[in-house]
Amino acid sequence: MFARRLRPFLVVAACVVVGLLGSTVAHAAGDTLRIGSKRFTESYILAQVLAQTAAPHAAVEVKQGLGNTAIVYEALRAGSIDLYPEYTGTIGLEILKSPGAMTLAAMREQLKPLGLGVAVRLGFNDGYALAMREDTAARLGVRKLSDLAAQPALRLGLSNEFIGRADGWQGLAERYHLAQQPAGLDHGLAYDAIAGGQVDVIDIYTTDAKIGHLGLRVLEDDAGHFPRYDAVLLYRLDVPQRFPAAWAALQGLEGRIGEAQMIAMNARAELQGAAFDVIARDHLAQRRATSAPVDTGVWSKLWGPDLSRLAAQHLGLVAAAVLLAVLIGVPLAVAVASHAGARSAVLGATGLLQTVPSLALLAVLISWLGRIGTVPALVALTLYALLPIMRNTCTGLAEVPAGLKLAGQALGLRRGQQLRVVELPLALPVIVAGVRTATTISVGTATIAAFIGAGGFGERIVTGLALNDKALLLAGALPAAALALLFEASFGLAERWLRRSRLAEV
């Protein structure tokens, strides 16, 4: 009876899981050139430039907005992507941990045992720097980074990656004897923060378009702390053999993008709202930026052409994760429900998983599983969905009246029969309530999947953060909220159907 009630829901959810994982395996099986990008404007644009250059010669997939250097680099090492745009300073200091500047030849020598290579200088340097509002810097007489040491009260808002990098805040503070304690701030939001006077100093990329737009003063690196960050391609060594024509085309990009051109492309994205693929196409065609206005409203972005794709990805991730959590969590909860010690230990361990930050969990899973995309996202979402399902299963079984349990024993029912015929049917409404809670949580948590290339509405949110585009943020958040409401309504209907079924049986 219990299994008969749940069978329709399990069949539908199982079909979603099989379809989701099947499409992932099928997609991975094809020889597609997979190009990654980090989560900031310039990296999005460069990934599109690379993809459109290679597209006439090979099947290409862009894995955009994969987070910080650690995640993208791990994806490259694992073979989940084949190449991505990187910077020489980052390769030398952050990836290879070199204490000083490195030549490309030295980088190649150290990367070769890892199965990686570096090539194709794109033609511009995009270094790190610190910047202040011109009026604040002029009032305090700050022109150089060394001047910051005399201004300990300045409020620094630095990106979390910059704070944690070997070539970032720690080394900078030691070199210049800086006593300030920076606050972590998303790079896409930093410009609004400094324009609004909420922080005094931010870290910038020297090709950021908003430096000139806001009239910021870039502080001189008078001690020469920052190395050059020449844009290059970091790639797997088998790429030239697997995609010879595409690789030859990519090599043709050597020196094709100057610093002024990169700043102009960033400006089109951040200040005019132009799409990354359009910017890349115009650059490759050597066309002038079109002056046609771009519709930047929430409504147009909400109903964009990617809506159906993102909805299918988000829905598939949530349904698959909740189904897996049910298949794992309910039997495990049943097994420990009658044993207080085991129940406390299992629920405690499951609750502990909720405290692990999502991005940290994703980074660990990428390392363990050796891949990015759907699989690590699905594992993470499943782990986060376990607690409400297991806790409600234990609670539902505990609330079954002792008299009914004794009646089952008096009828000679074995333990398995009693669970199936008496206890689980009575606990079912509480279990379903746990599944309902897990589903609602999963809809929100699934937005993190975009950080590792698994898609969903998080793609819009991640890109919106990178561009500080409030309309795009809403275009990702609103459909996710609507999906949560849709699930809530579906569970409400399911619970009414279960109540009617129970009344009919009585």
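Keep in mind it's a predicted model, so treat the numbers as computed, not measured.

Cut-offs and rules
- Residues numbered from 1 in each chain as written.
- Predicted model: local features only at pLDDT ≥ 70, side-chain atom pairs only at ≥ 80, totals over all residues.
- Heavy atoms only, no water.
- Helix = DSSP H or I, 4+ residues; strand = E, 2+ residues; numbered from the N terminus.
- Contact = heavy atoms within 4.5 Å.
- 1 Å grid on protein atoms, 1.4 Å probe; cavity = no way out; pocket = protein on both sides within 12 Å on 5 of 7 lines; lining within 4 Å.
- Points joined across faces, edges and corners; volume = space filled by probe spheres on them.
- Nonpolar A, V, L, I, M, F, W, Y, C, P; charged D, E, K, R; others polar.
- Phe/Tyr/Trp six-rings, centres within 6.5 Å; stacked < 30°, edge-to-face > 60°.
- Polar contact = N/O pair within 3.5 Å; in protein donor to acceptor, adjacent residues only side chain to side chain.
- pLDDT = per-residue confidence, 0-100.
- Axes fitted to C-alpha atoms, helices over the stretch in contact; angles between N-to-C directions.
- Left-handed = near helix turned anticlockwise from the far one by under 90°.

A. Spatial organisation of the environment of L386. Relative to the elements of secondary structure, L386 occurs in helix α19 (residues 374-398). Excluding anything up to four places from it in sequence, L386 contacts A325, I328, G329 and T350.

B. Quick look at empty space enclosed by the protein. Using the criterion set out here, one finds 2 cavities of 30 Å³ or more in the structure. Every residue lining the largest cavity is counted, 14 residues in all, and those nearest its centre are T41, H187, D208, E270 and A466. Secondary-structure elements contributing two or more residues to the lining of the largest cavity are α2 (41-54), α9 (187-195), α13 (259-272) and α22 (458-467). Broken down by element, the residue count for the lining of the largest cavity peaks at 3 residues, all from α9. Here the residues of the lining of the largest cavity are counted per class, giving 5 nonpolar, 5 polar and 4 charged. Considering the residues around the second largest cavity, the lining is formed by Y44, Q64, G65, A450, E459, V462 and T463. Among the elements that take part in the lining of the second largest cavity, α22 stands out by supplying 3 residues, more than any other.

C. Expanded view of the packing of aromatic side chains. Inspection of the entire model under this criterion finds 10 aromatic pairs. With a centroid separation of 4.8 Å and 35° between ring planes, the pair formed by F40 and Y205 is classed as tilted. On the criterion of sequence distance, the pair formed by F40 in the loop between β1 (33-36) and α2 and Y205 in strand β8 (residues 201-205) is long-range, its members being 165 residues apart. A network of ring pairs unites the aromatic residues F40, Y87, Y128, F162, Y205, F226 and Y229 as a single cluster.

D. Quick look at the environment of E270. Tracing the backbone shows E270 in helix α13. C-alpha of E270 to C-alpha of H283: the two residues are 13 residues apart in sequence and 16 Å apart in space. Apart from residues no more than four positions distant in its own chain, E270 is found in contact with T41, A209, K210 and L467. At 2.9 Å, the side chain of E270 forms a polar contact with the side chain of T41.

E. View of the confidence of the model for the protein. When pLDDT is averaged along the protein, the result is 87, and 91% of the positions lie at 70 or above. Scored below 50 in pLDDT, residues 20-29 makes 9 contacts in the model with residues more than four places away or belonging to other chains.

F. Local environment of the packing of α13 against helix α14 (residues 276-284). In contact at an axis separation of 9 Å, α13 and α14 are set at 150° when each is read in the N-to-C sense. The element α13 and its partner α14 pack so that their crossing is right-handed. Along its contact with α13, which presents Q261, M265, R268 and A269, the element α14 presents F276, V278, I279, D282 and H283. Considered class by class, the residues forming the contact of α13 with α14 number 5 nonpolar, 2 polar and 2 charged.

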